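Commentary on secondary and tertiary structure
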Amino acid sequence: MSRRFFLRITNAVEAHNSYFKQRTNALGVFGLSCLKKVTSTHKILVYGIPADLTDEYLWIGESTAIKNLRDLAFVKAIVEVFGDSYLRAPNETDIAWLLSTREQCGSLEMLRSIDCMYCKWEKCPTVCHEMYIGHCRELTVTLEAVTSQDLWI
């Protein structure tokens, strides 16, 4: 993931949910930054690392890392902020824009469809197991995507 894209996600999540804002305690000491909270959540979800491992790498407590997942604060913020733009089926306007951009750039692979794929999610966090058990009684994630080369810039 590019740094620019990661910071875009982090800033959007911080602006949307006050839990991710860095605060000071009663002594005036700064708490955890949004970057640390989002990075720990990314590492747990993507790599499937245990929550206590984030303490060694990011100096973020296991209880805070678990709270990020258990409350699903990060996931809810992503869906609420980016859901209308990216987590939806493309409409005719989107496809027309992508095809016209493809003609201008001369790229034949600007628009790709992956249809539907069921991927086994081996490193699913324990708190999410009930949500992702599919029809085959395994932890799965359904991927359906239409992508563009320049949507993530």
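A brief structural summary. Residue positions are given per chain, counted from 1 along the sequence in the order it is written. With the structure being a predicted model, the display of local features is reserved for residues of pLDDT at least 70 and the display and counting of side-chain atom pairs for 80 or more, all residues being used for whole-chain, interface and lining totals. Note: side-chain values were computed over all heavy atoms of the structure, leaving out hydrogens and water.

**A look at the overall build of the protein**
What counts, and what does not: Helix and strand assignments follow DSSP, with helices taken as H or I runs no shorter than four residues and strands as E runs no shorter than two, numbered in order from the N terminus. Classification of residues uses two cut-offs on accessible area relative to the type maximum, computed with a 1.4 Å probe and protein chains only: under 20% is buried, over 50% is exposed, and between them is partly exposed. Every residue pair with non-hydrogen atoms within 4.5 Å of one another is taken to be in contact.
For the protein, the helix and strand inventory stands at six helices and two strands. Along the protein, from the amino end to the carboxyl end, the secondary structure elements read α-α-α-α-α-α-β-β. Across the 153 residues in the protein, those meeting the buried criterion constitute 27%. Long-range contacts, defined as pairs at least 24 residues apart, comprise 57% of the intrachain contacts of the protein with a sequence gap of at least 6.

**Some points on the side chain of K37**
In plain terms, the rule: Under the counting rule used here, the positive set is Lys and Arg, the negative set is Asp and Glu, and His together with the chain ends is not counted. A pair is scored as a salt bridge if a Lys or Arg side-chain nitrogen falls within 4 Å of a carboxyl oxygen belonging to Asp or Glu. We call two N or O atoms a polar contact when they sit within 3.5 Å, provided that within protein one can donate a hydrogen and the other can accept it, with sequence-adjacent residues counted only if both atoms are side-chain atoms.
Inspection of the secondary structure assignment puts K37 in helix α2 (residues 34-47). As a buried residue without a salt bridge, K37 has its nearest oppositely charged side chain in E14, at a separation of 8.6 Å. A polar contact of 2.6 Å, which involves the side chain of K37, links it to the backbone oxygen of Y19. When residues no more than four places from it in sequence are discounted, the contact partners of K37 are Y19, F20, K21, L32, I60 and N68.

**Regarding helix α5 (residues 73-86)**
Put simply, the rule is: Multiplying one less than the number of residues by 1.5 Å gives the expected span of a helix. One axis fitted to the seven residues ending at a residue, another fitted to the seven starting there: the angle between these axes is the bend at that residue.
Taking 1.5 Å of rise per residue, 14 residues should cover 20 Å, and α5 covers 19 Å from first to last C-alpha, within 8% of that figure. By the largest-angle criterion, E80 marks the main kink of α5, which is about 40 degrees. Where α5 is concerned, the buried positions are A73, F74, A77, F82 and G83. The inward-facing, buried residues of α5 contact α1 (3-16), α2 and α4 (62-70).

**Overview of the packing of aromatic side chains**
The line we're drawing: The criterion for an aromatic pair is that two Phe, Tyr or Trp rings (for Trp, the six-membered ring) have centres within 6.5 Å, with stacked assigned to planes under 30 degrees apart, edge-to-face to planes over 60 apart and tilted to the rest. Geometrically, a charge over a ring is one whose NZ (Lys) or CZ (Arg) sits within 6 Å of the ring centre while staying within 35 degrees of the ring normal.
Counted under the stated rule, the structure contains two aromatic pairs. Aromatic pair Y19 and F20: ring centres 5.2 Å apart, planes at 80 degrees, arrangement edge-to-face. F20 carries the same exposure label as Y19, and that label is buried. Measuring from centroid to centroid gives 6.5 Å for F20 and F74, while their planes differ by 70 degrees, and the two rings are edge-to-face. With F20 in the loop between α1 and α2 and F74 in helix α5, this pair connects stretches of sequence that are 54 residues apart. A single burial state applies to F20 and to F74, both of which are buried. Each residue in the set Y19, F20 and F74 is aromatic and connected to the rest through ring pairs, giving one cluster. Over the ring of Y19 we find K37; its NZ or CZ atom is 4.3 Å from the centre of that ring.

**What about the packing of α1 against α2?**
For clarity, the cut-off: The angle between two axes is taken between their N-to-C directions and runs from 0 to 180 degrees, where each axis is a line fitted to C-alpha atoms and a helix contributes only its stretch in contact. Here the word oblique covers every angle except those under 35 degrees (roughly parallel), over 145 (roughly antiparallel) and from 65 to 115 (roughly perpendicular). Left-handed describes a crossing in which the near helix is turned anticlockwise from the far one by less than a right angle; the clockwise case is right-handed. Amino acids outside the nonpolar list (Ala, Val, Leu, Ile, Met, Phe, Trp, Tyr, Cys, Pro) and the charged list (Asp, Glu, Lys, Arg) are all regarded as polar, and Gly is one of them.
Taken N-terminus to C-terminus, the directions of α1 and α2 make an angle of 115 degrees; their axes are 10 Å apart at the nearest point. Here α1 lies roughly perpendicular to α2, going by the angle between them. As for the relative orientation of α1 and α2, their crossing is right-handed in sense. Counting all contacts with α1, which are made through F6, L7, T10 and E14, the residues of α2 involved are C34, L35, V38, T39 and H42. When the residues that make up the contact of α1 with α2 are grouped by side-chain class, the tally is five nonpolar, three polar and one charged.

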